[in-house]
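Single-letter residue listing:
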Amino acid sequence: MAGTMLIGVLFAAQLPVLSRTPTLLQKLIGALVLLGGMWNFFWYALRHLTEFWGIAALVSGVLMMIVGCYLIKESILPPWLVKLRPVVLVILLGYGLMYAITIYRL
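This section reports on the structure supplied with the text.

## Section: the pattern of salt bridges
Opposite charge on two side chains lets them pair, provided their charged atoms get close. Going through the model one piece at a time under the given rule, you end up with one salt bridge. A salt bridge links Arg85 to Glu74, with the shortest nitrogen-to-oxygen separation between them at 2.7 Å. Separated by eleven residues along the polypeptide, Arg85 in helix H5 (residues 85-105) and Glu74 in the loop between helix H3 (52-73) and helix H4 (79-83) bring together distant segments of the chain.

## Some words on unusual backbone geometry
Phi is positive for Gln14, close to 55 degrees, though the residue is something other than glycine. Here Gln14 shows up in the loop between helix H1 (2-12) and helix H2 (23-44). Overall, Gln14 belongs to the exposed group, its relative accessible area being 56%.

Rules of the game
Think of each chain on its own: its residues are numbered from 1, step by step along the sequence as written. Restriction of local features to residues with pLDDT of at least 70 applies here, the model being predicted, together with a cutoff of 80 or more for giving and counting side-chain atom pairs; totals for whole chains, interfaces and linings are based on all residues. Values shown for side chains rest on all heavy atoms present in the structure; no hydrogens or waters enter the calculation. The working definition used for a salt bridge is a side-chain nitrogen of Lys or Arg within 4 Å of a carboxyl oxygen of Asp or Glu. By definition, any uninterrupted DSSP run of H or I lasting at least four residues is a helix, any uninterrupted run of E lasting at least two residues is a strand, and each is numbered from the N terminus. Buried residues are those whose accessible area, probed at 1.4 Å on protein chains only, stays under 20% of the maximum for their type, while exposed residues exceed 50% and partly exposed ones sit between those limits.

What is shown is where atoms sit, not what they do.
Okay, structure coming up:
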């Protein structure tokens, strides 16, 4: 999950270096991030709502689904959510780092 979150943040940040990535690859990455978010939200979070990692999966899952939509087709999102893109990306980056650091410490 940590890798999926970080890859989603990198591609959704619209960095000049990644702007030359083919559209198909960006959409595939968006689909991967969207599916990862759905797994986080619907499978893990809803089974572990009373635990720390369940709540983390709930929030990060929603953020991943939003980022997946940014990459696949941003126009399906409401305008206020499109304007919140930097905030969504920073929060998801934080969750990705939290997951990665926890995995590293294991």
